[in-house]
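Each chain is listed here by its residues.
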2 protein chains.
Amino acid sequence: MNAEDHSFLDERVIEEVSRIFKALADPTRMKILYLLSQEECHVSHIAEMLGMSQSAVSHQLALLRTLRLVKYRREGKTLFYSCDDEHVISLLRQAIDHAQHQ
Amino acid sequence: MNAEDHSFLDERVIEEVSRIFKALADPTRMKILYLLSQEECHVSHIAEMLGMSQSAVSHQLALLRTLRLVKYRREGKTLFYSCDDEHVISLLRQAIDHAQHQ
DNA sequence: TTAATATATGAGCATTTGTTCATATATGTG
DNA sequence: CACATATATGAACAAATGCTCATATATTAA
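Being a predicted model, the structure only gives us computed values, none of them experimental. (Residues numbered from 1 in each chain as written. Chains lettered and ligands numbered in written order. Predicted model: local features only at pLDDT ≥ 70, side-chain atom pairs only at ≥ 80, totals over all residues.)

Student: Any details on the interface of chain B and chain A? Residues and values, ideally.
Tutor: Between chain B and chain A, the contact holds 32 residues from the first and 32 residues from the second. Those elements that provide at least two residues to the side of chain B that touches chain A are helix H1 (11-25), helix H2 (27-38) and helix H5 (86-100) of chain B. Here the side of chain B that touches chain A takes 11 residues from H1(B), the largest share from any one element. Residues that form the side of chain B that touches chain A fall into these classes: 18 nonpolar, eight polar and six charged. (Contact = placed C-beta atoms within 7 Å. Helix = DSSP H or I, 4+ residues; strand = E, 2+ residues; numbered from the N terminus. Nonpolar A, V, L, I, M, F, W, Y, C, P; charged D, E, K, R; others polar.)

Student: Can you explain the packing of helix H1 (residues 11-25) of chain A against H5(B)? Please cite residues and give values.
Tutor: H5(B) packs onto H1(A) with a crossing angle of 125° between their chain directions and a minimal axis gap of 9 Å. When the axis of H1(A) is compared with that of H5(B), the two are oblique. In the packing of H1(A) onto H5(B), the handedness of the crossing is right-handed. In this structure, H1(A) contributes Val13(A), Glu16(A), Val17(A), Ile20(A) and Phe21(A) to the contact, and H5(B) contributes Ala95(B), Ile96(B), Ala99(B) and Gln100(B). Each residue belonging to the contact of H1(A) with H5(B) can be placed in one class, and the counts come to seven nonpolar, one polar and one charged. (Axes fitted to C-alpha atoms, helices over the stretch in contact; angles between N-to-C directions. Parallel < 35°, antiparallel > 145°, perpendicular 65-115°, else oblique. Left-handed = near helix turned anticlockwise from the far one by under 90°.)

Student: Any chance you could break down the nonpolar core for me, citing the residues and the numbers?
Tutor: Soluble globular proteins tend to bury their nonpolar side chains together. Of all hydrophobic cores here, the largest spans 52 residues; its most connected members are Phe21(A), Leu24(A), Phe21(B) and Leu24(B). Apart from the residues lying within four places of it in its own chain, the contact partners of Leu24(A) are Arg29(A), Met30(A), Val88(A), Leu91(A), Leu92(A) and Phe21(B). (Core = buried A, V, L, I, M, F, W, Y, C linked by C-beta atoms within 7 Å. Buried ≥ 20, exposed ≤ 12 C-beta atoms within 10 Å, placed from the backbone.)

Student: Explain the protein's contact with DNA strand D to me, and be specific about the residues and the numbers.
Tutor: DNA strand D sits among 23 residues. The nearest are His42(A), Ser44(A), Ser55(A), Ser58(A) and Asp26(B). For the surface near DNA strand D, the per-class residue count stands at six nonpolar, 13 polar and four charged. (Near = placed C-beta within 6 Å.)

If you want it as structure tokens, here you go:
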């Protein structure tokens, strides 16, 4: 097969997919996304559930926000986060299912 | 929701899924896997197609081998690599499709 | 055996990443 | 207003990552 016969990937697509997989590749972010796929959570609840500092969780949420994988709503002093990309959750679920059944 | 009401993930599963997504998160490895999902390739062919050094490609192939995402067969001096995990290719394809249609 | 070719691998290095610590910002309360 | 609470954010730092360069290994041919 020669180069011209291949279906190549657009560099933009490669970067976009890379960003998504990078987001999913970190255990902390995986846990956060998995948690948020089950219920809307406020920041300190996530921190408590994962046994992590508020700061560490907040930094990771900022990253997930930048990637538009999560969104939030404010209720007084509290911010409630939830998933904002069902497709990414679907990828995560599939990978988890596969890892669990092997 | 309390901690005991959650479906938590086994740490082993989290690490396993993290390894898979880390493998997919790098543009070079994505390109290699995508190429190998289309055809069996020898190392220097991959290097040429991706415009990368033989060494860089070989290092990444070593990593993908460790994760059992690729396999190879020898033919003389040449090693032919191919994909060894259809599920991971499926995850990659889905992510690519999604990135392409948005 | 010597040389050539294909690939693998170790060391080194610059960049990226994920955390902590300290502090800033935003909202609500008295 | 002052203060408490919830969250965000910048700086710093250690660890992980991906490449290059030099060299090792494996196979084949002369």
